[in-house]
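Residue-level listing of the chains:
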Amino acid sequence: MRVDDVDRKILASLVDDGRSTYDEIGRRVSLSAPAVKRRVDRLRERGVLRGFTALVDPAALGATTEALIELFYAPGIGLDQVRESLRPLPEVVEAWSVTGDADCIVRVRARDPQDLERVIMELQREASVVRTRSQVIMSRLIERRD
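Only a predicted model underlies this, so the values are computations on that prediction, with no experimental measurement involved.

Enquirer: I tried to follow the pairing of strand β2 (residues 92-97) on my own but got confused; where do I start?
Expert: Looking along a regular strand, one sees side chains alternate from face to face of the sheet. The sheet contact formed by β2 and strand β3 (residues 104-110) spans five bridges and is antiparallel. Looking across to β3, one finds that Glu 94 is bridged to Arg 107. Connecting the antiparallel pair β2 and β3 is a turn made up of six residues, with Gly 100 showing a positive phi of about 105°.

Written as structure tokens, this is what we have:
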């Protein structure tokens, strides 16, 4: 799956503004609009470009508190079981299987600290969760969109 420098520039343009036209991108990378479209189509077919999305400010939707929560599971719990236990919680926006002390880290968005406490309590009610450890995110220092 080879991605050349022109493809990288096209991807960077789309990450910067997913609504850019092929003509606008073409001017940035010195290609015609049809050539850009062919490359974008090829990147999508190969799975390099997975889709286009709108970025919404969570605070505008009322989610002003964000936290990383480490989850420690009982021995023998599989990743499929972990995934399925987290799926029903809309506040869990990302989850990772990790190395180190914790088995899993989740990123949670909640309305306020009280709502975050409720989410943590829900996570702890899961029978396979032995304990949790949480860090509330105070401010975002760097945000890169992949």
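Resuming the write-up.
Enquirer: Teacher, can you tell me more about helix α3 (residues 33-45) here?
Expert: Three or four residues apart is the spacing at which side chains of an α-helix point the same way, because the helix has 3.6 residues per turn. Compared with the 18 Å implied by 1.5 Å per residue over 13 residues, the 18 Å span of α3 between its first and last C-alpha is a close match. By the burial criterion, the buried members of α3 are Ala 35, Val 36, Arg 39, Val 40 and Leu 43. Taken end-on, α3 shows its buried residues confined to a sector of 135°, consistent with a single buried face. Projecting away from the buried face of α3 at angles above 90 degrees are the exposed residues Arg 38 and Glu 45.

Enquirer: What exactly am I supposed to notice about unusual backbone geometry here?
Expert: Most peptide bonds are trans, and most residues other than glycine sit at a negative phi. With a phi close to 60°, Ser 30 is a non-glycine residue in the positive phi region. Relative to the helices and strands, Ser 30 is located in the loop between α2 (22-29) and α3. Ser 30 gets classed as exposed once you look at its relative accessible area, which sits at 69%.

Enquirer: What's the story with the packing of aromatic side chains in this structure? I'm lost.
Expert: Geometry of an aromatic ring pair is reported as the spacing of the ring centres plus the angle between the planes. Inspection of the entire model under this criterion finds zero aromatic pairs. The ring centre of Phe 72 lies 3.9 Å from the NZ or CZ of Arg 131, which sits over that ring.

Enquirer: Would you mind going over the pattern of salt bridges with me for this structure?
Expert: A side chain of one charge can pair with a side chain of the opposite charge when the charged atoms of the two come close. Tallying each qualifying case throughout the model produces 16 salt bridges. One salt bridge in this structure joins Arg 27 and Asp 23, with 2.6 Å as the shortest N-O distance. Residue Arg 27 and its partner Asp 23 are both found in helix α2; the two are separated by four residues, about one turn of the helix. Given the relative accessible area of 59%, Arg 27 is considered exposed. Classification of Asp 23 as partly exposed rests on a relative accessible area of 42%. Between Arg 140 and Glu 66 there is a salt bridge, and its shortest N-O distance comes to 2.7 Å. One end of the pair, Arg 140, is in the segment after β4 (129-137); the other, Glu 66, is in strand β1 (residues 65-73), and 74 residues separate them in sequence. Assessed through its relative accessible area of 45%, Arg 140 is described here as partly exposed.

Parameters and conventions
- Residues numbered from 1 in each chain as written.
- Predicted model: local features only at pLDDT ≥ 70, side-chain atom pairs only at ≥ 80, totals over all residues.
- Heavy atoms only, no water.
- Pairing = 2+ DSSP bridges.
- Helix = DSSP H or I, 4+ residues; strand = E, 2+ residues; numbered from the N terminus.
- Expected span 1.5 Å × (residues − 1).
- Buried < 20%, exposed > 50% of the residue type's maximum accessible area, 1.4 Å probe, protein only.
- Arc of directions from axis to C-beta.
- Phe/Tyr/Trp six-rings, centres within 6.5 Å; stacked < 30°, edge-to-face > 60°.
- Lys NZ or Arg CZ within 6 Å of the ring centre and 35° of its normal.
- Salt bridge = Lys/Arg side-chain N within 4 Å of Asp/Glu carboxyl O.

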